[in-house]
Each structure stands twice: as structure tokens, then as C-alpha cells.
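One letter stands for each residue in the lines below.
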Amino acid sequence: MENSRNNQDRTRLSGVTIAILATDGFEQSELEKPREMLEAAGAKTVLIAPKAGTIQGYHHHDKGDSFEVELTLDQANAQDYDALLLPGGALNPDALRMVPKAVELVRTFSRAHKLVAAICHGPWLLVEADVVEGREVTSWPSIKTDLTNAGAEWVDREVVSDGGIVTSRKPEDIPAFVAKLVELLTPQQPTREASHSVTH
């Protein structure tokens, strides 16, 4: 029984592809841990950045590991993905919001009603893409004012989901953050009644 449940957990997101948008200065745990957890649930992830090669992760203020970029923004198309993940780290979203193609990618995902998930400082990109007005969100506390000025309702909770946008505050929220993503991205199974209904 336990094995079959584990197998189910590993295939919950089978067929789901998630874009991860980042650049130098991202908080490593906010990219690495969600990516591992989403892939463990069966999803495919693709790391997208403004430039080819590698991007530099950070552990708060200290340099972490370099990560291989799989696609540049010039090559990325929102149609190829089911969701977009925006890690934080103060430097990363601050740099990305100055890149028009990065902002446009976020806006395209949101307008196509695809899930956009942002953690920590990641919601800065949601502000720049003008997709938070009227939505309940959370973030690292220092960008609360930016979000409220953009028309969002800011709350202090570990994970918030509203209108296709999922937000969290900090690395400690990652388990709840990813659990909400998995829940929202799990393909809906037809109900038993629906699957047995007879068409006349």
C-alpha cells in the first residue's frame, strides 16, 4: 500500500512542465528545493534566464552554486509550459524586472490563466507585470508596500493562492508553497459518476 502511494506521489504531476525564471543572485533554496520537490512529484522543469550558460545562486548574502541555464528568454514560449516559478533573493527579481522580455513572460502566463508562483522577493516581478491588482498575495515583508501600491491585498501567511497566482514569504514556507502548487497542478480526475455516465 505504501509503495503504491509513493508511486502515485511520484506521478501526480506527470505530463506537467514548469518554467523557472531566474538570473544571477537568486536565493538558491527557493529555486533548488521547489524544483526537487516538483520533479519528485513527476513534473518536468526548465530553467530559463536572460543569458545562456550558468546563473549564480546565493545563500542570503553568500555565493552558492552555479546552475545551468536550459533556455534563454529569447527561446522561451509560455505556450510550452503549464506554470511559471519565480524564486526570490533580492538581486534576482530586481534585475529581472528591468528585462522587458522577463516581465512580458510573466504577464503572458498570467493572461493565459496559467499558474504563476512567486516566493520571497519574487512577487516584485508580479508588480512589474501588472498582474496583482485586486488579488490577495504575500511576500518577503520588505516589498509589502510595493505590492499594496500595485493594488494587491497583502497578508502575512505561509502560502496564498488567488486567481492563478501563488505566493509565499520565505524559504521556511517552501513545503507549503510546493504543496499548494502540486495541488493546483494535479490533473483533475473525472468523478466516478461522470466516468460511468452513459450518453444517449
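Not measured: the values here are computed from a predicted model.

Basis of the calculations
Residues numbered from 1 in each chain as written. Predicted model: local features only at pLDDT ≥ 70, side-chain atom pairs only at ≥ 80, totals over all residues. Heavy atoms only, no water. Helix = DSSP H or I, 4+ residues; strand = E, 2+ residues; numbered from the N terminus. Buried < 20%, exposed > 50% of the residue type's maximum accessible area, 1.4 Å probe, protein only. pLDDT = per-residue confidence, 0-100. Contact = heavy atoms within 4.5 Å. Salt bridge = Lys/Arg side-chain N within 4 Å of Asp/Glu carboxyl O. Core = buried A, V, L, I, M, F, W, Y, C linked by side-chain atoms within 4.5 Å. Expected span 1.5 Å × (residues − 1). Pairing = 2+ DSSP bridges.

Colleague: Any details on unusual backbone geometry? Residues and values, ideally.
Modeller: The phi angle of most residues is negative, glycine excepted, and most peptide bonds adopt the trans form. The phi angle at H60 is positive, at roughly 60°, despite the residue not being glycine. Mapped onto the secondary structure, H60 falls in the loop between β4 (54–59) and β5 (62–68). At H113, a position not held by glycine, the phi torsion is positive, near 60°. Assignment of secondary structure puts H113 in the loop between α4 (100–111) and β8 (115–119). What makes H113 exposed here is its relative accessible area of 75%.

Colleague: Tell me about the confidence of the model for the protein chain, and please be specific about residues and values.
Modeller: Of the residues in the protein chain, 90% have a pLDDT of 70 or more, and the chain-wide mean is 92. Between residues 191–200, whose pLDDT stays under 50, and residues either more than four places distant or in other chains, the model counts zero contacts.

Colleague: Account for the pattern of salt bridges, with residues named and values stated.
Modeller: Considering all chains together, one arrives at 10 salt bridges under this definition. For D94, the salt bridge identified is with R97, shortest N-O distance 2.8 Å. By relative accessible area, D94 is classed as partly exposed at 34%. In this structure, E104 engages R107 in a salt bridge whose closest nitrogen and oxygen atoms are separated by 2.7 Å.

Colleague: Tell me about the nonpolar core, residues and numbers included.
Modeller: Within the largest apolar cluster, 31 residues are counted, with the highest numbers of intra-cluster contacts made by L21, L84, L86, V106 and L126. Examining the composition of this core, we find that five residues originate from one element, α4, more than from any other. Once you skip the residues sitting within four places of it in the chain, V106 turns out to touch L21, L84, L86, V116, L125, L126 and A129. Residues A22, L47, L115 and V178 belong to the second largest nonpolar core, which totals 30 residues.

Colleague: Provide a residue-level description of α4, including the pertinent values.
Modeller: Between its first and last C-alpha atoms α4 spans 16 Å; for 12 residues at 1.5 Å apiece the expected length is 16 Å, and the two agree. Listed in full, the buried residues belonging to α4 are A102, V103, L105, V106, R107, F109 and S110. Looking at the buried positions of α4, the neighbouring elements they touch are β1 (17–21), β7 (83–86), α3 (91–96), β8 and α5 (124–128). Taken from the residues just after α4, H113 is the one with a positive phi, measuring 60°.

Colleague: I'd love a proper account of the sheet that holds strand β2 (residues 26–27), names of residues and values included.
Modeller: Strand order in the open sheet formed by three strands is β2-β4-β5, with mixed pairing between adjacent strands. Only two strands of the sheet have a single neighbouring strand rather than two, namely β2 and β5. Of the strand pairs in this sheet, β4 and β5 are connected by five bridges, and their pairing is antiparallel. For Q56, the partnering residue across the bridge sits in β5 and is S66.

Colleague: Could you give an account of the pairing of β7, with specific residues and numbers?
Modeller: Side chains A83 and L85 project from β7 onto one buried face, and the interleaved L84 and L86 project onto a second face that is buried too. Pairing of β1 with β7, which is carried by three bridges, proceeds in the parallel orientation. Within the sheet, the bridge partner assigned to I18 lies in β7 and is A83.

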